[in-house]
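# A structural walkthrough
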Amino acid sequence: MKKSYLLLLMLFGAVLLLAACGDSSEDNTTENQPEEGSSEDLLAKVQDEGELLIGTEGTYPPFTFHDESGELTGFDVEIAREVAERLGVEAKFLETQWDGMFAGLDSGRFDMVANQVGIREDRLEIYDFSDPYITSAAVLVTSADETEITSFEGLEGKKSAQSLTSNYADIAKEFGAELTGVEGFNQAIELLVSDRVDATVNDKISVLDFLKQRPDAPIQIADESDDASQSGLQFRKDSGAIIDEVNKALAEMIEDGTYEEISQKWFGENVLE
C-alpha cells in the first residue's frame, strides 16, 4: 500500500511539474507583450475604444472649469476636445485635484492630461509631452493693500498658497516662501482674499482672466517673471504614435486658424507666441 501511495504521489508530482513547465512556457511567450492599455499600444487602445480619457482639474479658469450651467469648459478643454475630434474619437474628461493628476496618469486612469502642465526638464525625464500649445509667465499676486511684498524677493518667510507639485510652487519655494497647499487657483485666491496667506504665485493669464471677471477683487499683480513657460499635453513615457498624431492635430489647428479662434475667444490674443 505504501509503495502504491508513493507511486501515486510521484505521478501526481510529475503532472504538477509538467503543468508548471507549461505555464512557464506560456509566460515566456507573452512577457514582452504590452499589457492592454500600456504606453506601447495607447493609440490603438484609444482608437479601439473610440474615446480619449483626459485628466483635468475642472477648477482652474479660464483653462478648465465649470460655467454657470455646470458644463465643463475652458481653453484647455476646447483644445483637448478639438484634438480628440481630429483623432476621430470622443474626448472624455475625468476631473481630479492637481496633486492627484500625475498619479492618475501613471496608473492608466487617464490617457492624457490637459491642465496647463508646464514642460520642464524633470518632468521630461518621466513623461512625454506634445508640442507646446500655450506660453505664459508666472506672476506674484498679493492683496490689493499689500505694500511690503512688491517683488518675488519679498516672499522670503511669507505664506504663499500653491498647488504643491506645480511650477509656481517651485518658484515660491525658490524665493523662500512657506508653502500652504491648495487644490487649485480658486482656493489660492480665496485664502489670499481672506488674509490666510500673504501671496500666491500663479499663471498670468489666469490672474488676468480672474480680474476681468471680478474687477473689484481686492488683489493685485505685484511682480512678473521674466521667464515665460510653455505647457503641453502630457502623456506617460514612451506613449509613442499617439503623440505624433496629437502633434499633427495641433499643427493642423494652428495652420487652419482653429487655434487662433479658440485663443481669441478666451484671451483676446494668440497665447502660443
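Just so you know, the residues in each chain are numbered from 1, in the order the chain's sequence is written. Local features in this predicted model are restricted to residues of pLDDT 70 or higher, and side-chain atom pairs are both shown and tallied only at a pLDDT of 80 or more, whereas totals for entire chains, interfaces and linings draw on every residue. Each side-chain value is derived from all of the structure's non-hydrogen atoms; neither hydrogens nor water enter the calculation.

## Description of the sheet that holds strand β2 (residues 59-60)
Strand order in the open sheet made by the 3 strands is β2-β3-β4, with antiparallel pairing throughout. With one partner strand each, in any of the chains shown, β2 and β4 (72-73) form the two edges of the open sheet. Where strand β3 (residues 64-66) lies against β4, 2 bridges are found, and the strand directions are antiparallel. Of the residues in β4, the one forming a bridge with H66 is L72. Only strands that DSSP links by at least two bridges are regarded as paired with each other. A helix here means a DSSP run of H or I that spans at least four residues, while a strand means a run of E at least two residues long, and both kinds are numbered starting from the N terminus.

## Concerning empty space enclosed by the protein
Buried and open spaces are told apart on a 1 Å grid over the protein atoms alone, a cavity being a set of points where a 1.4 Å probe fits but cannot get out and a pocket being an open set with protein on both sides within 12 Å along at least five of seven lines. Residues with an atom within 4 Å of a point are the lining residues. Grid points are joined across faces, edges and corners, and a volume is the space filled by probe spheres set on the points. All chains considered together, the criterion is met by 1 cavity of 30 Å³ or more. Taken as a whole, the largest cavity encloses approximately 240 Å³ of empty space. Those elements giving two or more residues to the lining of the largest cavity turn out to be β8 (134-143), β9 (159-162), α6 (167-174), α7 (185-193), β11 (199-203) and β12 (219-231). Three categories are distinguished: nonpolar for Ala, Val, Leu, Ile, Met, Phe, Trp, Tyr, Cys and Pro, charged for Asp, Glu, Lys and Arg, and polar for the others, with Gly belonging to the last. Here the lining of the largest cavity is built from residues that sort into 9 nonpolar, 13 polar and 2 charged.

## Regarding the packing of helix α3 (residues 75-87) against helix α9 (residues 241-255)
In helix packing, the relevant descriptors are the interaxial angle and the interaxial distance, both defined with respect to the helix axes. Axis definition: a line fitted to C-alpha atoms, limited for helices to the stretch in contact. Angles are taken between N-to-C directions and run from 0 to 180 degrees. Running from N to C, α3 and α9 cross one another at 110 degrees; their axes reach a closest spacing of 9 Å. Here α3 is positioned roughly perpendicular relative to α9, judged by the angle of their axes. Seen along the crossing, α3 lies across α9 with a hand that is right-handed. Touching I79, E82, V83, R86 and L87 of α3 are E245, V246, A249, L250, E252 and M253, all from α9. Broken down by class, the residue content of the contact of α3 with α9 amounts to 7 nonpolar, no polar and 4 charged. For classification, angles of less than 35 degrees are called roughly parallel, those exceeding 145 degrees roughly antiparallel, those between 65 and 115 degrees roughly perpendicular, and all remaining angles oblique. Left-handed describes a crossing whose near helix is turned anticlockwise from the far helix by less than a right angle; the clockwise case is right-handed. In this description, contact between two residues means that some pair of their heavy atoms is separated by no more than 4.5 Å.

## Focus: the packing of aromatic side chains
Pairing of aromatic rings covers Phe, Tyr and Trp, the last through its six-membered ring, and needs centres within 6.5 Å; plane angles under 30 degrees mean stacked, over 60 mean edge-to-face, and all others mean tilted. Tallied over the entire structure, the rule returns 11 aromatic pairs. Consider the rings of F75 and Y133, whose centres lie 6.3 Å apart with planes at 25 degrees: the pair is stacked. Note that F75 is positioned in helix α3 and Y133 in the loop between β7 (127-129) and β8, a separation of 58 residues in sequence. For the pair shown, F75 and Y133 are each scored as buried. In this structure an aromatic cluster arises from ring pairing among Y60, F63, F75, Y133, F185, F210, Y259 and F267. Working definition: with a 1.4 Å probe on protein chains only, accessible area under 20% of the residue-type maximum means buried, over 50% means exposed, and in between means partly exposed.

## Thoughts on the side chain of T96
Tracing the backbone shows T96 in the loop between β5 (90-95) and α4 (98-106). For T96, the contacting residues outside a window of four places in its chain are T56, E57, M101, R109 and F110.

## With respect to the layout of surface pockets
Taken as a whole, the largest pocket holds about 380 Å³ of empty space. When contributions to the lining of the largest pocket are tallied by element, the ones reaching two or more residues are β8, α6 and β12. In terms of residue class, the lining of the largest pocket is built from 7 nonpolar, 6 polar and 5 charged.

## Some words on the packing of helix α2 (residues 42-49) against α9
Across the interface, α2 lies against α9 with an axial gap of 7 Å and an inter-helix angle of 65 degrees. With respect to α9, the axis of α2 lies roughly perpendicular. For the pair formed by α2 and α9, the contact residues are L42, L43 and V46 on the first element and A241, I242 and E245 on the second. Here the contact of α2 with α9 is built from residues that sort into 5 nonpolar, no polar and 1 charged.

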